[in-house]
Amino acid sequence: MDKFFWHGHDARTLLPDGWEDQVRSVTRSRVVRLDRGRASTSRESEDVGVLRRGRVPGAAVRDELPWLDELYRTTFLDMAEHLAGEPVSPAEDVRYGVVLNVAIGTDMRLECHVDSNPVEGLLFLTDHSRQAGGELVIGHNPEARSAAEIDADCSTIIPVAGHALFFRGSDNPHYVRFLKNNDDIRIVAAMNYYTETVPESSRPAEINQYLFGEE
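Worth saying up front: this structure is predicted, and the values here are computed from it rather than measured.

What is the right way to look at the side chain of D115 in this model?
Structurally, D115 can be placed in the loop between strand 5 (98-104) and strand 6 (119-124). Buried and unpaired, D115 has R203 as its nearest opposite-charge partner, separated by 8.4 Å. Of the polar contacts made by the side chain of D115, one reaches the side chain of H113; its length is 3.1 Å. In this structure, D115 is in contact with E120, G169, S170 and H174, ignoring residues within four places of it in sequence.

Sorry, what's going on with the pairing of strand 3 (residues 51-56) here?
Walk down a regular strand and you will see the side chains alternate between the two sheet faces. Within strand 3, 5 of the 6 residues are buried, which leaves it mostly tucked inside the rest of the structure. Relative to strand 5, strand 3 runs antiparallel, the two being bridged by 3 bridges. Bridged to V56 within strand 5 is L100.

Help me understand the nonpolar core, please; the structure alone is not making it clear to me.
Nonpolar side chains in soluble globular proteins tend to be buried together. The biggest cluster of nonpolar side chains holds 37 residues, and the ones touching the most others in it are L68, F76, L100, L123, F166 and Y193. Among the secondary structure elements, those contributing two or more residues to this core are helix 1 (19-30), helix 2 (58-64), helix 3 (66-73), helix 4 (75-84), strand 5, strand 6, strand 9 (163-167) and strand 11 (185-195).

Can you walk me through the packing of aromatic side chains in this structure?
Given two aromatic rings, their pairing is described by the distance between the two centres and the angle made by the two planes. Using the criterion set out here, one finds 2 aromatic pairs in the structure. Judged by centre distance (5.0 Å) and plane angle (40 degrees), the ring pair of Y72 and Y193 falls under tilted. In this pair, Y72 is assigned in helix 3 and Y193 in strand 11, connecting sequence segments 121 residues apart. The class of Y193 is buried, set by a relative accessible area of 0%. Ring centres 6.1 Å apart and planes at 55 degrees place the aromatic pair F76 and F166 in the tilted group. Here F76, found in helix 4, pairs with F166, found in strand 9; they are 90 residues apart in sequence, far enough to count as distant. In this structure F166 comes out as buried when scored by relative accessible area, which is 0%. The residue whose ring lies beneath R203 is Y96, and the NZ or CZ to ring-centre distance is 3.6 Å.

For this particular structure, what's the right way to read the state of the cysteines?
Each disulfide consists of one covalent bond between the sulfur atoms belonging to two cysteines. The final tally for this structure, using the stated rule, is 0 disulfides. Free of any disulfide, C112 has its nearest neighbouring cysteine sulfur in C154, separated by 11 Å.

Would you explain the environment of P16 in this entry?
Note that P16 resides in the loop between strand 1 (7-10) and helix 1. With 116 residues separating them in the primary sequence, P16 and A132 have C-alpha atoms 27 Å apart. Leave out the neighbours within four places in its chain, and P16 touches Q22 and W67.

So what exactly am I meant to see when it comes to helix 6 (residues 205-212) here?
An α-helix turns once per 3.6 residues; consequently, residues spaced three or four apart project the same way. Inspection of helix 6 places I207, N208, Y210 and L211 among the buried residues, and these make up the whole buried set. Seen from one end, helix 6 has its buried residues packed into an arc of 160 degrees, which puts them on one side.

Is there a simple way to explain helix 1 in this structure?
When the terminal C-alpha atoms of helix 1 are compared, their 16 Å separation across 12 residues agrees well with the 16 Å that a helix rising 1.5 Å per residue should span. Where helix 1 is concerned, the buried positions are W19, V23, V26 and T27. Down the axis of helix 1, the sector holding all buried residues measures 100 degrees, keeping them to one side. The exposed residues of helix 1 that point more than 90 degrees off its buried face are D21, R28 and S29. Where the residues of helix 1 are buried, they touch strand 3, helix 2, helix 3, strand 5 and strand 11.

Help me understand the sheet that holds strand 7 (residues 136-139), please; the structure alone is not making it clear to me.
Sheet strands pair via backbone hydrogen bonds, and the direction of the pair is either parallel or antiparallel. Read across the open sheet, the 3 strands follow the order 8-7-10; overall the sheet is antiparallel. The sheet is open, and its two edges are formed by strand 8 (154-157) and strand 10 (174-176), each paired on a single side. Averaged over all neighbouring strand pairs, the angle between strand axes comes to 15 degrees, with direction disregarded. Direction of pairing for strand 7 relative to strand 8: antiparallel, over a ladder of 4 bridges. If you follow V137 over to strand 8, its bridge partner there is T156.

How each quantity is defined
Residues numbered from 1 in each chain as written. Predicted model: local features only at pLDDT ≥ 70, side-chain atom pairs only at ≥ 80, totals over all residues. Heavy atoms only, no water. Helix = DSSP H or I, 4+ residues; strand = E, 2+ residues; numbered from the N terminus. Buried < 20%, exposed > 50% of the residue type's maximum accessible area, 1.4 Å probe, protein only. Lys, Arg positive; Asp, Glu negative; His and termini not counted. Salt bridge = Lys/Arg side-chain N within 4 Å of Asp/Glu carboxyl O. Polar contact = N/O pair within 3.5 Å; in protein donor to acceptor, adjacent residues only side chain to side chain. Contact = heavy atoms within 4.5 Å. Pairing = 2+ DSSP bridges. Core = buried A, V, L, I, M, F, W, Y, C linked by side-chain atoms within 4.5 Å. Phe/Tyr/Trp six-rings, centres within 6.5 Å; stacked < 30°, edge-to-face > 60°. Lys NZ or Arg CZ within 6 Å of the ring centre and 35° of its normal. Disulfide = S-S within 2.5 Å. Arc of directions from axis to C-beta. Expected span 1.5 Å × (residues − 1). Axes fitted to C-alpha atoms, helices over the stretch in contact; angles between N-to-C directions.

Following this line, the structure appears as structure tokens:
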């Protein structure tokens, strides 16, 4: 626990009836498949090629899953603040405040990286097991620069639908393992939070260019 700590919460009682069907419906209709190079926050090994992944943009989350956007700005914000030990705030830019990160089949995963925001919240929206893949792997070594180096000293978290997790993703490199079933889908709500010491204005412009193709 001196290397890495997080706060976990069973958030199922906070979610509305039918939330699973809502999430899958929005994912089917609004997912954007990303096929990009590396951002400045990447910790992937140089021998790893371009990684594919999916994302439901923040505007779609706000418009079609308003309960999730509301939780991001209220109850989950309080949980993030408890971990941070200082006031936190949600992102003003809807594009990256709360989004859905999606992996479909066996050839998509979130790359090894560190976060540009100081506190990260995750709400797992699908269930997985160690045998099925899709684990979140968080490295204890802040200098790790590949999946192998992260795996050498890490915490492994198996997604449980309806459970929320808060941690300092800027301090610990992390990635998501490939799913092992081609028919499987992994969906998680990723929530960016900022603090007075690391405000949203500190977010590198390059990250937006990488994600959205903008200066």
